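# Understanding the architecture of this molecule
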Amino acid sequence: LAKQGDFDAAIDSYSEALQISKKLLGSNDPQIASLHFLCGSTLFDRCDFKAALVSFRESVKIRKLKLGLESKETAKSVCMVGQTLEKIGEYDLAIDCLKEALEVLLLIKGEESLDVANCHQALGMAFKAKGDDEQAASNFAAAIQPRKMFFGEESAEVSLTYFELAESNLRLRYWDTAYNKSLEALRLRKMILGTECIEYAESLSQLGGIQLALLKQSEALNCFLEALKVFSAVEGRGHVTVAECLEKIGLIHMEQGQHSDATDSLKRAMKIYTETLGGLTSQVANVLRMLGKVEVLKESPDNAIKYFKQSVHISKEINDDISFAVSLYEIGTVLERLDKKGEAMECLKESLRLLRGNDNKSKLIRAKVLNRMGSLLRHQDKINEAVTACMKSLDLLTELKRDSDVEAGETCQTLASIYEVKGEHDVALEFFQKAHKYFLDRLGPKDLSVALVLNNLGINSARRKDFEEAFSYC
């Protein structure tokens, strides 16, 4: 019954079996533990995780009592307790249970058993949910080989592990590894499941995201367009997955300077989000922010601020401090360009106040806000405060292991301009050179940011009377 998806009937049967077995065998017989385990597994499949947790814990209690702490059956029950705890958001408890189960299973069955692989997979999911991508990637990688041995190299189970491994590496910004694992997951899903299923579309979206990170915009656009086609056919044109694809397509059009196409895709995405999830959601706030960025690129600051303020309103209503802070940052950036530096600074200070969290996302946005504040303070002749703000930004980026990325390049460029104002041209040169290296490595030689920093290097060299070097840079 459970395999046919008739979960309620299956649970009724297990419950009846439990009652009879308890009368015949007592409450602590290993067979009772097995029935609790089966009942828990069915409840888990039905997504009734709190009830499943009760059944799995009963199974663990009996198996520890009758079979000992180091039995395979006890370890499997502990593993399922861990998986269930992960589903209800108790990540630390889940990880402790899964580590306990893994230790026993490794001792009994060795590194290449399926039970060990499944435990690694479950640990990967728990670490992923907790935000520890290094540990998630490590566990997903450990699960691949034994899963290949049991299910075969070309199986849906192996493709899932490759997909999760790619996702972890994407968040870790290990672009090449993420790309290779994502490509393998896509190949397997296409071969096993075909091209008209959700899993194939999800892999296309993942690969598109990685290609976007690798600045392969045309390839990314093709992936998202194909994913959009599949999601529309399978889930329906009004599904959230369709909106997510349209949002990414809008982002690519924006970065390619196709403002009209970007606006069209983003508005379509916003319509679906609003109709499906409601108007007061983080998704709608984010799309409004992106529409504002398109208006900035079109040099329509008033329209940009209008969209950003709408995003601010939604973020306040749903108590999303991070979204609120990002929208204020965008408003501050526009106001700075309009030479309304006092108002811009107030927006940035409020943005910084909202970013109290210690999570990586908050830290990254805080680093960007501090850099922008440094730029404003420079224009207000508050040079020492400007240096302090930018150095704090670099410290955060170093902590996040993004001290050689575009954000670090932007902060180095701000610091260089501050030291130019101070007349310390040699120090400015060092920061311009760092910015040039980071932009060149991440964006490639043909990006506008590279040209701008080369121009600044030329000006710096001229000020140091090194005209030959200045000529070369320019």
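See above for the structure.
Keep in mind that this is a model prediction, so the values were computed, not measured.

## Regarding the overall build of the protein
- Helix and strand content of the protein: 23 helices and zero strands.
- Taking all 474 residues of the protein together, the buried fraction comes to 48%.
- Considering only residue pairs separated by 6 or more positions, the protein has 55% of its internal contacts joining residues 24 or more positions apart.
- For the protein, the computed accessible surface area is about 23,100 Å², with 49% contributed by carbon and sulfur atoms.
- Between the mean site of the 62 positive side-chain charges and the mean site of the 71 negative ones, the protein shows a separation of 2 Å.

## Some thoughts on empty space enclosed by the protein
- By the definition in use, this model includes one cavity of 30 Å³ or more.
- Looking at the largest cavity, its volume works out to about 30 Å³.
- Residue lining of the largest cavity: Lys64, Leu69, Thr74, Ala75, Val78, Glu100, Ala101 and Val104, and that is the complete set.
- Broken down by secondary-structure element, the contributors of at least two residues to the lining of the largest cavity are helix H4 (72-87) and helix H5 (91-109).
- Taken together, the residues that form the lining of the largest cavity break down as five nonpolar, one polar and two charged.

## A few points about the layout of surface pockets
- As a volume, the second largest pocket reaches approximately 610 Å³.
- As for the second largest pocket, its lining consists of 20 residues, and the residues nearest its centre are Phe44, Cys79, Met80, Gln83 and Asn118.
- Those elements that place two or more of their residues in the lining of the second largest pocket are helix H2 (30-45), H4, H5 and helix H6 (114-130).

## Remarks on the state of the cysteines
- For the coordinates displayed, the defined rule picks out zero disulfides.
- This cysteine, Cys412, is not joined by any disulfide, and Cys390 carries the nearest cysteine sulfur, 9.3 Å off.
- By relative accessible area, which is 2% here, Cys412 ends up buried.

## Points about helix H9 (residues 175-193)
- Along its 19 residues, H9 runs 26 Å from first to last C-alpha, staying within 8% of the 27 Å computed at 1.5 Å per residue.
- What H9 keeps buried is the set Trp175, Ala178, Ser182, Ala185, Leu186, Leu188 and Arg189.
- Tucked inside the fold, the buried residues of H9 contact helix H8 (156-171), helix H10 (198-213) and helix H21 (425-443).
- Immediately downstream of H9, the backbone of Gly194 shows phi near 90°, a positive value.

## Regarding the side chain of Arg189
- Following the sequence through the fold, Arg189 ends up in helix H9.
- With no salt bridge to any partner, buried Arg189 finds its closest opposite charge in Glu202, at an N-O distance of 4.1 Å.
- A polar atom in the side chain of Arg189 sits 3.1 Å from the backbone oxygen of Glu199.
- Those residues in contact with Arg189, other than ones at most four positions away along the chain, are Ser159, Leu160, Phe163, Gly194, Glu199, Tyr200, Glu202 and Ser203.

## Topic: the packing of aromatic side chains
- As enumerated under the stated definition, the model contains four aromatic pairs in all.
- On the basis of an interplanar angle of 65° and a centroid distance of 5.6 Å, the ring pair of Phe37 and Phe56 is categorised as edge-to-face. Highlighted residues: Phe37 in helix H2 and Phe56 in helix H3 (residues 49-67), separated in sequence by 19 residues.
- Classification of Phe37 as buried rests on a relative accessible area of 17%.
- Phe56 sits in the buried class, given a relative accessible area of 0%.
- Seen from their ring centres, Tyr419 and Phe431 are 5.8 Å apart, and the 5° between their planes marks the pair as stacked. Of the two residues, Tyr419 is situated in helix H20 (residues 406-422) and Phe431 in helix H21; the sequence distance between them amounts to 12 residues. No difference in accessibility class separates Tyr419 from Phe431, as the two residues are buried.
- Cation over ring: Lys216 sits above Tyr179, and NZ or CZ is 5.0 Å from the ring centre.
- The ring of Tyr307 carries the charged tip of Lys306 above its face, separated from the ring centre by 5.3 Å.

## Concerning unusual backbone geometry
- Despite not being glycine, Arg173 shows a phi value in the positive range, around 70°.
- With respect to the helices, strands and loops of the structure, Arg173 is situated in the loop between H8 and H9.
- Among the residues examined, Arg173 registers a relative accessible area of 23% and is labelled partly exposed.
- Phi is positive for Asp381, close to 65°, though the residue is something other than glycine.
- Tracing the backbone through its elements, the reader meets Asp381 in the loop between helix H18 (360-379) and helix H19 (383-399).
- Among the residues examined, Asp381 registers a relative accessible area of 62% and is labelled exposed.

## Description of the pattern of salt bridges
- Scanning the model with the defined rule gives 24 salt bridges in all.
- Ionic pairing is found between Lys130 and Asp92, a salt bridge with its closest N-O pair at 2.9 Å. Here Asp92 lies in helix H5 and Lys130 lies in helix H6, a separation of 38 residues in the sequence.
- Residue class for Asp92 comes out partly exposed when judged on its relative accessible area of 47%.
- A salt bridge links Arg171 to Glu167; the nearest nitrogen and oxygen atoms lie 3.8 Å apart. Of this pair, Arg171 and Glu167 are both found in helix H8, four residues apart, which corresponds to roughly one turn of the helix.

What counts, and where the lines are drawn
- Residues numbered from 1 in each chain as written.
- Predicted model: local features only at pLDDT ≥ 70, side-chain atom pairs only at ≥ 80, totals over all residues.
- Heavy atoms only, no water.
- Helix = DSSP H or I, 4+ residues; strand = E, 2+ residues; numbered from the N terminus.
- Buried < 20%, exposed > 50% of the residue type's maximum accessible area, 1.4 Å probe, protein only.
- Contact = heavy atoms within 4.5 Å.
- Areas by Shrake-Rupley, 256 points an atom, 1.4 Å probe, with all protein chains shown as cover.
- Lys, Arg positive; Asp, Glu negative; His and termini not counted.
- Charge placed at Lys NZ, Arg CZ, Asp CG, Glu CD.
- 1 Å grid on protein atoms, 1.4 Å probe; cavity = no way out; pocket = protein on both sides within 12 Å on 5 of 7 lines; lining within 4 Å.
- Points joined across faces, edges and corners; volume = space filled by probe spheres on them.
- Nonpolar A, V, L, I, M, F, W, Y, C, P; charged D, E, K, R; others polar.
- Disulfide = S-S within 2.5 Å.
- Expected span 1.5 Å × (residues − 1).
- Salt bridge = Lys/Arg side-chain N within 4 Å of Asp/Glu carboxyl O.
- Polar contact = N/O pair within 3.5 Å; in protein donor to acceptor, adjacent residues only side chain to side chain.
- Phe/Tyr/Trp six-rings, centres within 6.5 Å; stacked < 30°, edge-to-face > 60°.
- Lys NZ or Arg CZ within 6 Å of the ring centre and 35° of its normal.

Limitation: the analysis is restricted to geometry and does not speak to function.
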